[in-house]
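Summary of structural features
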Amino acid sequence: MPADRERRSYWAGIWADPEIAPLILQHGRIFALTQRNFENGLRRLFGSLAGRTVLDFGCGDGLLLSRLSCRRRILYEPSPVYGDVLAALAASDAGPHAATVVGGPQEIPPATVDLVVIHGVVQYMPLAELAEALRSYRGLLRDDNLGIIVADVPHPNRLVDTLGALSAHPTTLLQTAGQVLQLLRSRYASDRLQRHRLRELVALAQSEGFGLRRLDTRSFNRARRTVHLTVSGPV
Ligand SMILES: C[S@@+](CC[C@H](N)C(=O)[O-])C[C@H]1O[C@@H](n2cnc3c(N)ncnc32)[C@H](O)[C@@H]1O
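Everything in this summary refers to the structure shown in the same document. Given the structure is predicted, the values throughout are model-derived calculations rather than measurements.

Reading the values: rules and limits
Residues numbered from 1 in each chain as written. Predicted model: local features only at pLDDT ≥ 70, side-chain atom pairs only at ≥ 80, totals over all residues. Helix = DSSP H or I, 4+ residues; strand = E, 2+ residues; numbered from the N terminus. Rg over C-alpha atoms; globule rule 2.2 N^0.38 Å. Contact = placed C-beta atoms within 7 Å. Buried ≥ 20, exposed ≤ 12 C-beta atoms within 10 Å, placed from the backbone. Pairing = 2+ DSSP bridges. Axes fitted to C-alpha atoms, helices over the stretch in contact; angles between N-to-C directions. Core = buried A, V, L, I, M, F, W, Y, C linked by C-beta atoms within 7 Å.

1. Topic: the overall build of the chain
Secondary structure assignment for the chain yields eight helices and seven strands. Scaling as 2.2 N^0.38, a compact globule of 235 residues should have a C-alpha radius of gyration of about 18 Å, and the chain matches this with 17 Å. Considered along the principal axes of its C-alpha atoms, the chain spans approximately 45 × 40 × 30 Å.

2. Here we look at the environment of aspartate 4
Turning to its location among the elements, aspartate 4 is positioned in helix H1 (residues 2-15). With 123 residues separating them in the primary sequence, aspartate 4 and leucine 127 have C-alpha atoms 8.8 Å apart. With residues near it in sequence (within four places) discarded, aspartate 4 still touches Pro126, Ala128 and Glu129.

3. Quick look at the pairing of strand S1 (residues 53-57)
A large share of S1 lies buried, amounting to five of its five residues. Across the two faces of S1 the burial is the same, with Thr53, Leu55 and Phe57 and Val54 and Asp56 all buried. Note that S1 and strand S2 (residues 72-76) share five bridges and pair parallel. What sits directly across from phenylalanine 57, in S2, is tyrosine 76. Sheet topology note: the S1/strand S4 (residues 115-119) ladder contains three bridges and is parallel. Looking at the pairing, leucine 55 lines up with valine 116 of S4.

4. Some words on the sheet that holds strand S7 (residues 225-231)
Spatially, seven strands are ordered S3-S2-S1-S4-S5-S7-S6 in an open sheet, and the strand pairing comes out mixed. Every other strand in the sheet has two partners, leaving strand S3 (99-102) and strand S6 (210-215) as the edge strands with one partner each. Going across the sheet, the axis of each strand differs from the next one's by a mean of 20 degrees, ignoring polarity. Where S2 lies against S3, four bridges are found, and the strand directions are parallel. Each residue of the ladder has a partner; that of arginine 73, found in S3, is alanine 99. Sitting on the sheet, helix H8 (residues 198-207) touches S6 and S7, and the angle it makes with S6 is about 150 degrees.

5. Some words on the nonpolar core
Grouped together as the largest cluster of nonpolar side chains are 47 residues, with contacts concentrated most on Val54, Leu55, Phe57, Val116, Val117, Ile118 and Val150. Looking at which element gives the most residues to this core, the answer is strand S5 (residues 147-153), with five residues. Residues in contact with leucine 55, not counting those within four places in the same chain, are Ile74, Tyr76, Ile108, Val113, Val116, Val117 and Leu140.

6. Overview of the pairing of S7
Among the seven residues that make up S7, five are buried, leaving the element largely enclosed by the rest of the structure. Summarising the sheet, S5 and S7 pair through four bridges and their orientation is antiparallel. By the bridge assignment, valine 153 is partnered in S7 with arginine 225. Direction of pairing for S6 relative to S7: antiparallel, over a ladder of six bridges. Residue pairing for S7: arginine 214 is matched across the bridge by valine 227.

7. Regarding unusual backbone geometry
What you tend to see is this: most non-glycine residues have negative phi, and most peptide bonds are trans. Despite not being glycine, alanine 111 shows a phi value in the positive range, around 55 degrees. By the secondary structure assignment, alanine 111 is in the loop between S3 and S4. A positive phi angle, close to 60 degrees, is found at aspartate 152, a residue other than glycine. Examined against the element boundaries, aspartate 152 turns out to sit in strand S5. Residue aspartate 152 is classed as buried on the basis of its C-beta count, with 22 C-beta atoms lying within 10 Å.

By themselves, these are just geometric observations and shouldn't be taken as functional.
Here it is, written out as structure tokens:
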């Protein structure tokens with residue numbers, strides 16, 4: 001679809017822009033709260049991930065899962081802005097925090113991944129692209145896999161989503177408001193975000209052979225949603 005193609009290249013351009021990308025990626029107190037909430041959610045859901053391989057899709061600077069203890073983190077990030085940072089992470093992280101950077105899911109051998117994490121990414125992906133991605137992950141998952149976590153999915157209503165960010169935590173109000181103002185002055189256009197509805201994600205998951213359940217894992221932004229996709233048939 002031409003509109004989808006145009007949107008994909010718009011977002012690829014925004015994330016490749018070294019002036020804008022740092023304004024969108026979470027940092028400071030917002031990042032700390034996000035990371036803690038997400039780690040707690042994973043712990044509640046899976047307990048230990050020791051011995052598991054986790055693919056962090058659209059990982060940005062790769063920090064979100066950097067404290068996770070697992071066999072290996074595989075980091076995939078299309079934006080060139082994070083190339084050096086990720087290379088440094090892969091060179092320094094070791095043992096239960098070991099990381100490998102890949103240039104795309106096609107570089108990952110089939111049936112070698114236990115869990116895929118897509119955190120704060122689907123808003124940049126039209127449904128058709130997301131369907132394509134789910135199809136490619138399916139073949140990467142091991143038989144006894146833990147599925148796919150899709151997290152930090154924006155609320156379909158833009159106002160609700162913005163209020164969710166502004167009211168997330170008293171100590172982050174100024175940081176969030178500052179970030180919103182900086183973005184408003186940039187060429188970032190939040191009305192171009194994909195605001196997938198839960199029922200669209202359910203239908204998509206089903207058509208790609210996944211089961212879907214909504215998790216109560218909270219994002220920094222309380223209005224955002226987290227879902228767990230499980231493989232319902234043989235991989
Ligand atoms: C809000 S950041 C989230 C980064 C990281 N997952 C986190 O939560 O800290 C969104 C990331 O998605 C990446 N991204 C955007 N479009 C993508 C796509 N079509 N496929 C994969 N990643 C994409 C961006 O380059 C960016 O690093």
